[in-house]
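Structural description and commentary
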Amino acid sequence: MLVAAAVCPCPPLLVPAVAAGAAPELDAARAACADAVGLLAASRPDLLVVVGPADQDGRGPHPQGAPGSFAGFGVDLRVRLGASEPDADAREERELPSSLAVAAWLLERADWSDAPVEGLGVGEPLEAVRCATAGRELGGRADRVALLVMGDGSACRTLKAPGYLDERAAAFDEGVANALGAADTRALMALDTELAYELKAAGRAPWQVLAGAAEGTDLAGRLLYDDAPYGVGYFVAVWS
């Protein structure tokens, strides 16, 4: 059963070594993420599952100890998912998608050792119903399950945003922020898949996985961060 969840953005720029001189611009987001991960530890889960957007190569399950790298962003930095020393199987695993690599960095920063950690890479095209089904399956994995859900909002908030300015982006992000802050699973499930795609909102599918996992749990939500640096919607929220 899901007992707690944290929602965090997943830009590699969240890692100071990647952001370099621009790192201070996301200090508030990093602090909020640290608080959110701390709540997960306080929930004393039997299992933590990290869920994040992934391309075709990174979709599906990733075991504890799976490796990740920021070499593609020009930084010689490697991480592992929830373990400093991988088991024999994890040494041979494919690399984490960037969203889960950012999550692994957050967990290492928090010195996570409270429960086993697994990852799930979710493809952008995954339909809402299948997202919810995946979430319900995750929620049934252990008596006390926690989720760390990675995902960004629209990438179209300003003229310099990766997706340029789209007048629909601000309202979309406001709806997401309200839903995450209120732990409103119905509102998350009602997110328009096509609109999310057009606005380049990579968090849509992971948020709907969360909604499925939280069905019937009566968790309360709290929004810790809501901003759009670089024209991209970033949210940090906790459900407990």
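First things first, this report covers the structure right here in the doc. (Residues numbered from 1 in each chain as written. Predicted model: local features only at pLDDT ≥ 70, side-chain atom pairs only at ≥ 80, totals over all residues. Heavy atoms only, no water.)

Describing the pattern of salt bridges
Let me state the cut-off plainly: Salt bridges are identified by distance alone: a Lys or Arg side-chain nitrogen within 4 Å of an Asp or Glu carboxyl oxygen.
Inspection of every chain in the model, using the stated rule, returns eight salt bridges. Here the salt bridges share partners, and the residues they tie into one network are Asp-166, Arg-168 and Glu-198.

Remarks on the sheet that holds strand S1 (residues 2–8)
Threshold: Two strands form a pair only when DSSP identifies at least two bridges running between them. Secondary structure elements follow DSSP: runs of H or I of four or more residues count as helices, runs of E of two or more count as strands, with numbering from the N terminus. Only the stretch in contact is used when a helix axis is fitted, and all axes are lines through C-alpha atoms; the angle between N-to-C directions ranges over 0 to 180 degrees. By the convention used here, residues are in contact when the closest approach between their heavy atoms is within 4.5 Å.
Sheet architecture is open: seven strands sit in the order S3-S6-S2-S7-S1-S9-S8, paired in mixed fashion. Looking at strand neighbours, the two that pair on one side only are strand S3 (60–62) and strand S8 (221–227), the edges of this open sheet. The average angle at which neighbouring strand axes cross in this sheet is 20 degrees, direction not considered. Sheet topology places S8 next to strand S9 (residues 234–239); six bridges connect them, and they run antiparallel. Looking across to S9, one finds that Gly-221 is bridged to Trp-239. Of the strands in this sheet, S1, strand S2 (47–54), strand S6 (117–123) and strand S7 (145–150) are in contact with helix H5 (residues 128–139), which crosses S7 at around 145 degrees.

Considerations on the environment of Ala-205
In plain terms, the rule: In this scheme, a residue with accessible area under 20% of its type's maximum is buried, one over 50% is exposed, and one in between is partly exposed, where area comes from a 1.4 Å probe on protein chains only.
Here Ala-205 is to be found in helix H9 (residues 204–214). Residue classification places Ala-205 among the buried positions, given a relative accessible area of 3%. Separated by 52 residues in the primary sequence, Ala-205 and Gly-153 place their C-alpha atoms 11 Å from one another. Setting aside residues no more than four positions away along its own chain, Ala-205 makes contact with Val-122, Gly-123 and Cys-131.

Brief notes about the state of the cysteines
Selection criterion: Only a pair of cysteine sulfur atoms within 2.5 Å qualifies as a disulfide here.
Within the structure shown, the criterion is met by zero disulfides. Cysteine Cys-8 shares no disulfide, and the gap to the nearest cysteine sulfur, in Cys-33, comes to 3.6 Å. Classification of Cys-8 as buried rests on a relative accessible area of 0%. Here Cys-10 is not cross-linked by a disulfide; its sulfur's nearest cysteine counterpart is in Cys-8, at 9.7 Å. For Cys-10, a relative accessible area of 8% puts it in the buried group.

Quick notes on unusual backbone geometry
One non-glycine residue, Ala-20, adopts positive backbone phi at about 55 degrees. Counting through the fold element by element, Ala-20 comes out in the loop between helix H1 (16–19) and helix H2 (27–42). In this structure, Tyr-230 takes a positive phi of about 65 degrees despite not being glycine. Structurally, Tyr-230 can be placed in the loop between S8 and S9. We classify Tyr-230 as partly exposed; its relative accessible area is 30%.

The values reported here are purely geometric and, on their own, carry no functional implication.
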